[in-house]
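So the chains spell out like this:
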Amino acid sequence: MGERFDHIVILTGAGISAESGLDTFRDKGRDGGGIWSGHAVEDVATPDAFRRNPTLVHNFYNMRRRAARAAEPNDAHHALARLEACYPGDVQIITQNVDDLHERAGSRNLIHMHGELRKRRCTACGSIEISDSDLSVHTSCAACLTQGSLRPHIVWFGEIPLDLADITRHLDACDLFLSIGTSGTVYPAAGFVDIVRQNPDALTVELNLEPSAGETKFQQKIYGKAREIVPSYVNQLLQSYV
């Protein structure tokens, strides 16, 4: 590879978690319908849905939380954690995923722009707590003791992703941008590559199972299973400093 980079930014999407057995929004799952099977998006993944039927929304995310808890990080997650630990430059992961597979693999420099399944937020006092247990309309907030005020700490359709100011700061400083397992259709994440491309010296690389909707924006493209191509790419980066 030869190049050495000061600030690596890695965007990860559902494709990296899919290789740990988690069904994705767009892919057909084992039952032919994916994790959203039997549920329209407007019934389980919007603020209005939660106001209309919080029990349905809680049950849906309880199911997702249990599935994520049962999954294990794969070789791609572990490779990115190794890159963060061993690379002499800055390495920042921005993930669209709401599972904790990156953390369990060892990654620490991590932004969950779409929230986290293991967190719940109180709509009464604004507190955020970590919990792996199921959530219901009868659950009370640990901070203010209000019953029925908790919601999944998830960015739903129509809501603004988290930590956009921090994300923009990292993208502005980025000289190597890796997009892993993303569809290239969900904004604002699909536009991150455009921000990085404003730096003429930055390298943009797509690592994906197949070309994304934005594949023409990347200077390098490597296609295959994330658990195979990501460790290989990480090895090349680390060998640049041997």
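Everything discussed here concerns the structure shown above.
Residues numbered from 1 in each chain as written. Predicted model: local features only at pLDDT ≥ 70, side-chain atom pairs only at ≥ 80, totals over all residues. Heavy atoms only, no water.

Asker: Explain the pattern of salt bridges here, please?
Answerer: Two side chains that carry opposite charge are able to pair once their charged atoms sit near each other. Under the defined criterion, the tally for this structure stands at 14 salt bridges. Across the pair R52 and D43 runs a salt bridge, and its minimum N-O distance is 3.7 Å. Of the charged contacts, one joins K217 and D194 as a salt bridge, the two residues approaching to 3.0 Å between their closest N and O atoms. With K217 in the loop between β8 (203-208) and β9 (220-223) and D194 in helix α8 (residues 192-196), this pair connects stretches of sequence that are 23 residues apart. Judged by its relative accessible area of 30%, D194 is partly exposed. Sharing partners across several salt bridges, the network here consists of E72, D100, R104, R118 and D132. (Salt bridge = Lys/Arg side-chain N within 4 Å of Asp/Glu carboxyl O. Helix = DSSP H or I, 4+ residues; strand = E, 2+ residues; numbered from the N terminus. Buried < 20%, exposed > 50% of the residue type's maximum accessible area, 1.4 Å probe, protein only.)

Asker: How should the nonpolar core be read in this particular structure?
Answerer: One recurring pattern in soluble globular proteins is that nonpolar side chains are buried together. The biggest cluster of nonpolar side chains holds 25 residues, and the ones touching the most others in it are I8, I10, L176 and V230. Among the secondary structure elements, those contributing two or more residues to this core are β1 (7-12), α5 (75-86), β2 (90-95), β7 (176-180), β8 and α9 (226-239). Broken down by element, the residue count for this core peaks at seven residues, all from α9. Sequence-distant contacts of I10, defined by excluding residues within four places in its chain, comprise L80, L83, V91, Q92, I93, I94, L178 and I180. (Core = buried A, V, L, I, M, F, W, Y, C linked by side-chain atoms within 4.5 Å. Contact = heavy atoms within 4.5 Å.)

Asker: Sorry if this is basic, but what is going on with the packing of aromatic side chains here?
Answerer: Aromatic rings in a pair are described by how distant their centres are and how their planes are angled relative to each other. If you walk through the whole model with that rule in mind, you get four aromatic pairs. Seen from their ring centres, Y61 and W156 are 6.3 Å apart, and the 45 degrees between their planes marks the pair as tilted. In this pair, Y61 sits in helix α4 (residues 54-70) while W156 sits in the loop between β6 (150-154) and α7 (164-173), placing the two residues 95 residues apart along the sequence. Of the two residues, Y61 and W156, both sit in the buried class. Connected via pairs of aromatic rings, a cluster forms that spans F50, F60, Y61 and W156. (Phe/Tyr/Trp six-rings, centres within 6.5 Å; stacked < 30°, edge-to-face > 60°.)

Asker: Just to check I follow, could you spell out the packing of α5 against α9 for this structure?
Answerer: Packed helix pairs are characterised by how far apart their axes lie and by the angle those axes make with each other. Interhelical geometry of α5 versus α9 gives an angle of 15 degrees and a closest axis separation of 7 Å. When the axis of α5 is compared with that of α9, the two are roughly parallel. In this structure, α5 meets α9 at a crossing whose hand is left-handed. Counted together, D75, A76, A79, L80, R82, L83 and C86 of α5 and A226, R227, V230, P231, V234, N235, L237 and L238 of α9 form the full contact between these two elements. Taken together, the residues of the contact of α5 with α9 sort by class into eleven nonpolar, one polar and three charged. (Axes fitted to C-alpha atoms, helices over the stretch in contact; angles between N-to-C directions. Parallel < 35°, antiparallel > 145°, perpendicular 65-115°, else oblique. Left-handed = near helix turned anticlockwise from the far one by under 90°. Nonpolar A, V, L, I, M, F, W, Y, C, P; charged D, E, K, R; others polar.)

Asker: When you look at the pairing of β8 in this model, what are you seeing that I'm missing?
Answerer: Two faces belong to every sheet, and in a regular strand the side chains alternate between them. Here β8 lies mainly inside the structure; six of its six residues are buried. Neither face of β8 is exposed, since L203, V205 and L207 on one face and T204, E206 and N208 on the opposite face are all buried. In this sheet, β8 lies alongside β7 in parallel orientation, the contact comprising five bridges. Paired with I180 across the two strands is L207, which belongs to β8. Bridge analysis of β8 against β9 gives four bridges, and the strand direction is parallel. In the sheet register, E206 faces β9, and the bridge partner there is K221. (Pairing = 2+ DSSP bridges.)

Asker: How should the sheet that holds β6 be read in this particular structure?
Answerer: In a beta sheet, neighbouring strands are held together by backbone hydrogen bonds and run either parallel or antiparallel to one another. On the basis of which strands lie adjacent, the open sheet formed by three strands has the order β5-β4-β6 and antiparallel pairing. What marks the edges here is a single partner per strand, and that holds for β5 (128-130) and β6. Each strand of the sheet is rotated relative to its neighbour by a mean of 40 degrees, with strand direction disregarded. In the sheet, strand β4 (residues 115-122) pairs with β5 via three bridges, with the strands oriented antiparallel. Bridge pairing in β5 places K119 opposite I130. Against the sheet, α4 makes contact with β4 and β6, and its axis sits at roughly 50 degrees relative to β6, the strand it touches most.

Asker: Which parts of the structure should I look at to understand the environment of L135?
Answerer: Tracing the chain through its elements places L135 in the loop between β5 and β6. The class for L135 is buried, based on a relative accessible area of 2%. Residues L135 and R65, 70 residues apart in the sequence, show an inter-C-alpha distance of 10.0 Å. The residues contacting L135, other than those within four sequence positions of it, are H58, N62, R65, R120, L150, R151 and P152.

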